[in-house]
Amino acid sequence: MHKLLDVISAIARFYMAYVWIHAGTAKLGKHMEMTQAITAYQIFTPEWSGYLAQLIGPLEIAGGVFLLLGLFLRSAAKVSSVVLVLFMIGIAQAWARGLAIDCGCFNVDGISDAQTMDYVKTLARDAGYLFLTGWTIWRPFRRFALYAG
């Protein structure tokens, strides 16, 4: 049973590292598209959307690198959980308000009708990510960690 829990912990840590790094790198060099995606949520002003567009990608990459390298695993997973919950709240409020938007998660090439978010699928995916992140908080995979702290 201990080995199975180790395998689940390894999958949770390394898969979420991949998710964050993949999501962050998809945003690099796409400031205008990210600003438009964030503005579409109708939460922030265009100015704040621009600031967030510059920050989100690099911060996602940093979080993924922390998980990948095993730096402050529980703390990195806690921050990851908070970010996921905030993303889920943003998505849920857009759905509740009837906004037809693209989440801007992994592909920010601009919005079209074909790219309008499937809210149920996106929230279910993020709930799965939240589970994996919670698993890392509960039982971090410390093997190959530089500083699991």
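Residues numbered from 1 in each chain as written. Predicted model: local features only at pLDDT ≥ 70, side-chain atom pairs only at ≥ 80, totals over all residues. Heavy atoms only, no water.

Participant: Help me understand the UniProt feature "transmembrane region" (unreviewed entry) in the protein chain, please; the structure alone is not making it clear to me.
Facilitator: Residues annotated by UniProt as "transmembrane region" (unreviewed entry) correspond here to residues 51-72 and 79-96. Helix makes up 86% of residues 51-72 and strand makes up 0%, while its end C-alpha atoms are separated by 27 Å. Counting secondary structure, residues 79-96 comes out at 100% helix and 0% strand; the distance between its end C-alpha atoms is 26 Å. (UniProt positions renumbered as here; feature names shortened; annotations may be inferred. Helix = DSSP H or I, 4+ residues; strand = E, 2+ residues; numbered from the N terminus.)

Participant: What should I look at first to understand the state of the cysteines in this one?
Facilitator: By definition, a disulfide links the sulfur atoms of two cysteines through a covalent bond. This structure, assessed with the given rule, holds one disulfide. The side chain of Cys-103 participates in a disulfide bridge whose partner is Cys-105; the two sulfur atoms lie 2.1 Å from each other. The burial state of Cys-103 is the same as that of Cys-105; both residues are buried. (Disulfide = S-S within 2.5 Å. Buried < 20%, exposed > 50% of the residue type's maximum accessible area, 1.4 Å probe, protein only.)

Participant: Help me out: how do you make sense of the pattern of salt bridges in this one?
Facilitator: As a working rule, side chains carrying opposite charge can pair if their charged atoms are close by. Enumeration over the complete set of coordinates arrives at three salt bridges. Residues Asp-6 and Arg-139 are paired through a salt bridge, measuring 2.9 Å at the closest nitrogen-oxygen approach. Here Asp-6, found in helix 1 (residues 2-27), pairs with Arg-139, found in the segment after helix 5 (119-138); they are 133 residues apart in sequence, far enough to count as distant. Like Asp-6, the residue Arg-139 is buried in the burial classification. The partner of Glu-60 in a salt bridge is Lys-27, and the shortest N-O contact between them spans 2.9 Å. Of this pair, Glu-60 sits in helix 3 (residues 46-69) while Lys-27 sits in helix 1, and the two are 33 residues apart along the sequence. (Salt bridge = Lys/Arg side-chain N within 4 Å of Asp/Glu carboxyl O.)

Participant: Looking at this structure, how should I read the packing of helix 1 against helix 5?
Facilitator: Helix-helix packing: each pair is described by the crossing angle between the helix axes and the interaxial distance. Following both chains from N to C, one finds helix 1 and helix 5 inclined at 120 degrees, their axes separated by 9 Å at the closest point. Judged by the inter-axis angle, helix 1 sits oblique to helix 5. Seen from above, helix 1 lies across helix 5 with left-handed handedness. Listed contacts from helix 5 to Leu-5, Ile-8, Ser-9, Ala-12, Arg-13, Tyr-15, Met-16 and Val-19 of helix 1 are Tyr-129, Leu-132, Thr-133, Trp-135 and Thr-136. (Axes fitted to C-alpha atoms, helices over the stretch in contact; angles between N-to-C directions. Parallel < 35°, antiparallel > 145°, perpendicular 65-115°, else oblique. Left-handed = near helix turned anticlockwise from the far one by under 90°. Contact = heavy atoms within 4.5 Å.)

Participant: Explanation requested: the nonpolar core in the structure shown.
Facilitator: Counting 14 residues, the largest nonpolar core has Met-16, Trp-20, Leu-67, Leu-84 and Tyr-129 as the members making the most contacts within it. For this core, the secondary structure elements donating two or more residues are helix 1, helix 4 (73-96) and helix 5. The element best represented in this core is helix 1, accounting for six residues. Within the second largest apolar cluster, 11 residues are counted, among which are Tyr-41, Leu-99, Cys-103 and Met-117. (Core = buried A, V, L, I, M, F, W, Y, C linked by side-chain atoms within 4.5 Å.)

Participant: Which parts of the structure should I look at to understand the packing of aromatic side chains?
Facilitator: Centre-to-centre distance and the angle between the planes together describe a pair of aromatic rings. Within the structure shown, the criterion is met by 11 aromatic pairs. Consider the rings of Tyr-15 and Tyr-129, whose centres lie 6.2 Å apart with planes at 55 degrees: the pair is tilted. Here the residue Tyr-15 occupies a position in helix 1, and Tyr-129 occupies one in helix 5, the gap between them amounting to 114 residues. Taking relative accessible area as the criterion, Tyr-129 reaches 9% and is therefore assigned buried. An aromatic cluster is present here, built from Phe-14, Phe-141 and Phe-144 joined pairwise through their rings. (Phe/Tyr/Trp six-rings, centres within 6.5 Å; stacked < 30°, edge-to-face > 60°.)

Participant: Where do I start with the environment of Ser-75 in this structure?
Facilitator: Tracing the sequence through the fold places Ser-75 in helix 4. You can call Ser-75 partly exposed: its relative accessible area is 40%. The spacing of Ser-75 and Tyr-119 is 44 residues in sequence and 29 Å in space, taken between C-alpha atoms.

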